[in-house]
Amino acid sequence: MRMRMKKVLMMACALLTGASAVNAQETTLPQDGDLFQGLTRSITYDCMIPPHGLQVTFDKTVHIIFPASVTYVDLGSANIMAGKADGAENVIRVKATKKWFKGETNMSVITEDGSFYAFNVKYAKEPDKLNIEMKDFIHDGSKVNRPNNSMDIYLKELGSESPVLVRLVMKSIWKQNERIVKHIGSKDFGIRFLLKGIYTHNGLLYFHTEIKNSSNVPFDVDYVTWKIVDKKVVKRTAIQEQVIQPLRTQNFVLNVSGNSSERTVWTMDKFTLPDDKCLVVELAEKNGGRNQQFVIENSDLVRAKLISELKVK
């Protein structure tokens, strides 16, 4: 009986010793999440997108203004909430869902220009900054160096073209302001609607247009439509017309003041026209009758200028 009790005590001691060893091992494990073992390569800091520090609170809303429309927002926890401001595509409002939440969470944002923004979010009774404007590296006026938070995010509608490069191409065309197409346009009632150029780059087409208002009455733009129609019905009601939707625009304005002009660059997916079709571009005036229209033939499209050099300064 004594021998049996002795064996039981020895087994219990062994179990306790083993448990203590396991507990000791667990306490010595790293507490920062670095539990990878084996042939695992560490992510170096040059691969990391440095996050911005963001303070939020429960009783006030933080607004973040981005240089392009927001297409994606992800929140690290339920301690914060975020969403687009009503009527604004490039403004995100952020606030805490409960008071004095502990620790730190994160928020990630992707914008239409292909930029990725990372934020580390903490609670503060009175945030240092309630209204924040993220830097637009393309329009900063001094340089075009890419910041660490701007990455090549590819969006479905632009195919294999980087949204950042699309913006640079549009700005380059707009800044150079060349008129390489001189035979396409319309003029009436003191309004001129011109096609200044057609460009191509990596499967996309770029159209450079200009509205000149030589009258004293401001011109309010209602809409601009791009549609493929049969040549036989250009001057009549178009039947079976195909509307082409621009993918991006540079400097699209809704008002042209008297005795002034405005230019716009339109980005579209590549397309060509059959012999019996043409592209009709219509400019309509809001609450007015000074509408304009010009026609682009397939021969104009295939002569689009190839963009080989960017000038954005």
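Note: the structure precedes this text.
(A) Summary view of the overall build of the protein chain. The number of helices and strands found in the protein chain is three helices and 19 strands. Looking at the 313 residues of the protein chain, the share that counts as buried comes to 37%. Restricting the contact set of the protein chain to residue pairs at least 6 apart, pairs at least 24 apart contribute 65%. Carbon and sulfur atoms form 52% of the exposed surface of the protein chain, whose accessible area is close to 19,300 Å².

(B) Looking closely at the sheet that holds strand E1 (residues 52-56). The strand order E1-E7-E6-E3 describes an open sheet built from four strands, whose pairing is mixed. Each of the sheet's edge strands pairs with one partner strand only, and the pair in question is E1 and strand E3 (70-75). Taking the axes of each pair of neighbouring strands and ignoring which way they run, one obtains an average angle of 25° across the sheet. Judged from the five bridges that link them, E3 and strand E6 (residues 105-111) form a sheet pairing that is antiparallel. Paired with valine 73 across the bridge in E6 is valine 109.

(C) Examining the environment of glycine 83 more closely. For glycine 83, the location among the structural elements is in strand E4 (residues 80-84). Through-space distance from the C-alpha of glycine 83 to that of lysine 95 is 9.7 Å; in sequence the pair is 12 residues apart. With residues up to four places along the chain from it excluded, the contact list for glycine 83 reads Val91, Ile92 and Arg93.

(D) The environment of glutamine 250, seen in detail. Turning to its location among the elements, glutamine 250 is positioned in strand E14 (residues 248-250). As for glutamine 250 and tryptophan 174, which are separated by 76 residues in sequence, their C-alpha atoms are 7.6 Å apart.

(E) Expanded view of the pairing of strand E18 (residues 292-296). A one-sided burial pattern is seen for E18, the buried positions being Gln292, Phe294 and Ile296 and the unburied ones Gln293 and Val295. In sequence, strand E17 (residues 277-285) turns back onto E18 through a hairpin of six residues, with asparagine 287 there showing a positive phi of about 55°.

(F) Broad picture of the pattern of salt bridges. Taken as a whole and judged by the stated rule, the model has 13 salt bridges. Notably, a salt bridge pairs glutamate 104 with lysine 122, separated by 3.8 Å at the nearest N-O pair. Residue glutamate 104 is located in the loop between strand E5 (91-96) and E6, and its partner lysine 122 is located in strand E7 (residues 116-123); the two are separated by 18 residues in the primary sequence. With a closest N to O distance of 2.5 Å, aspartate 230 and lysine 277 form a salt bridge. Here aspartate 230, found in strand E12 (residues 219-230), pairs with lysine 277, found in strand E17; they are 47 residues apart in sequence, far enough to count as distant. Accessibility expressed as a relative area gives 18% for lysine 277, which makes it buried. One continuous salt-bridge network, built from bridges that share partners, spans Lys227, Glu241 and Glu282.

(G) Main features of the nonpolar core. Grouped together as the largest cluster of nonpolar side chains are 28 residues, with contacts concentrated most on Phe207, Trp226, Phe271, Leu279 and Ile296. For this core, the element with the most residues is E12, which contributes five residues. Beyond its immediate sequence surroundings of up to four residues, isoleucine 296 is in contact with Ile184, Leu195, Ile198, Phe207, Trp226, Leu273, Cys278, Leu279, Val281 and Leu301. Counting 19 residues, the second-largest nonpolar core is a separate cluster that includes Val56, Ile80, Phe101 and Phe119.

(H) Focus on helix H2 (residues 163-176). A rise of 1.5 Å per residue sets the reference length of H2, with its 14 residues, at 20 Å; its end C-alpha atoms lie 20 Å apart and thus fit the reference within 8%. Summarising burial for H2: 10 of the 14 residues are buried, a large majority. Of the surrounding elements, those touching the buried residues of H2 are strand E10 (191-201), strand E11 (204-213), E14 and strand E16 (260-269).

(I) Inspection of the environment of lysine 60 at higher detail. Its place among the elements puts lysine 60 in the loop between E1 and strand E2 (62-65). Beyond its immediate stretch of four places on either side in the chain, lysine 60 contacts Val94, Lys95, Glu126 and Leu130. For lysine 60, the side chain forms a polar contact with the side chain of glutamate 126, separated by 2.8 Å.

About the criteria used
- Residues numbered from 1 in each chain as written.
- Predicted model: local features only at pLDDT ≥ 70, side-chain atom pairs only at ≥ 80, totals over all residues.
- Heavy atoms only, no water.
- Helix = DSSP H or I, 4+ residues; strand = E, 2+ residues; numbered from the N terminus.
- Buried < 20%, exposed > 50% of the residue type's maximum accessible area, 1.4 Å probe, protein only.
- Contact = heavy atoms within 4.5 Å.
- Areas by Shrake-Rupley, 256 points an atom, 1.4 Å probe, with all protein chains shown as cover.
- Pairing = 2+ DSSP bridges.
- Axes fitted to C-alpha atoms, helices over the stretch in contact; angles between N-to-C directions.
- Salt bridge = Lys/Arg side-chain N within 4 Å of Asp/Glu carboxyl O.
- Core = buried A, V, L, I, M, F, W, Y, C linked by side-chain atoms within 4.5 Å.
- Expected span 1.5 Å × (residues − 1).
- Polar contact = N/O pair within 3.5 Å; in protein donor to acceptor, adjacent residues only side chain to side chain.

All we've got here are geometric facts, nothing functional implied.
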